[in-house]
Amino acid sequence: MNIKGIELKGLDPLWQNIDQNTKSKEDKQFSLFLKDALDRVNERQIVSDEYKRLLATGDVDNLHDVTIAAEKANISLQLTLGIRNKVLEAYREIMRMQI
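As a starting point, this report considers the structure included with it. These figures come from a predicted structure and were not determined experimentally.

Cut-off values and rules
- Residues numbered from 1 in each chain as written.
- Predicted model: local features only at pLDDT ≥ 70, side-chain atom pairs only at ≥ 80, totals over all residues.
- Heavy atoms only, no water.
- Salt bridge = Lys/Arg side-chain N within 4 Å of Asp/Glu carboxyl O.
- Helix = DSSP H or I, 4+ residues; strand = E, 2+ residues; numbered from the N terminus.
- Buried < 20%, exposed > 50% of the residue type's maximum accessible area, 1.4 Å probe, protein only.
- Axes fitted to C-alpha atoms, helices over the stretch in contact; angles between N-to-C directions.
- Parallel < 35°, antiparallel > 145°, perpendicular 65-115°, else oblique.
- Left-handed = near helix turned anticlockwise from the far one by under 90°.
- Contact = heavy atoms within 4.5 Å.
- Nonpolar A, V, L, I, M, F, W, Y, C, P; charged D, E, K, R; others polar.

Observations regarding the pattern of salt bridges
Within this structure, the stated rule accounts for three salt bridges. In this structure, Glu-93 and Arg-96 form a salt bridge, with 3.3 Å as the shortest nitrogen-oxygen distance. In this pair, Glu-93 and Arg-96 are both assigned in helix α3 (residues 63-96), three residues apart and thus about one turn of the helix distant. Looking at Arg-96, the relative accessible area reads 56%, which means it is exposed.

The following block contains the structure:
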């Protein structure tokens with residue numbers, strides 16, 4: 001019995017772009033990648049705080065920008081906390097393994 005593999009004809013260019021991006025990112029050290037990600041989350045928090053300060057002083061013309069910045073910061077932080085929790089859970093699971 002011969003089983004054929006699943007072909008993704010329409011998605012081939014998409015997968016090739018992902019592979020190229022992954023290869024260039026693999027050259028970086030993991031610690032640099034993690035630091036960059038945390039810096040981006042921190043930057044979003046700072047931008048959100050700045051928008052909130054401007055809103056409190058009445059210097060913001062568009063309330064939508066404040067809301068969008070706050071939600072971006074919130075989503076970034078929630079995702080970071082979710083990843084941290086999963087990593088800690090995996091670490092604890094490994095530590096419970098008996099050899």
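Some details on the packing of helix α2 (residues 30-57) against α3
Contact geometry of α2 with α3 gives a least axis separation of 8 Å together with a crossing angle of 150°. With respect to α3, the axis of α2 lies roughly antiparallel. Two packed elements cross with a definite hand, and for α2 against α3 that hand is left-handed. Facing α2, whose interface residues are Leu-38, Val-41, Arg-44, Gln-45, Val-47, Ser-48, Tyr-51, Lys-52 and Leu-55, α3 presents Leu-63, Asp-65, Val-66, Ala-69, Ala-70, Lys-72, Ala-73, Asn-74, Ser-76, Leu-77 and Thr-80. Taken together, the residues of the contact of α2 with α3 break down into 11 nonpolar, five polar and four charged.

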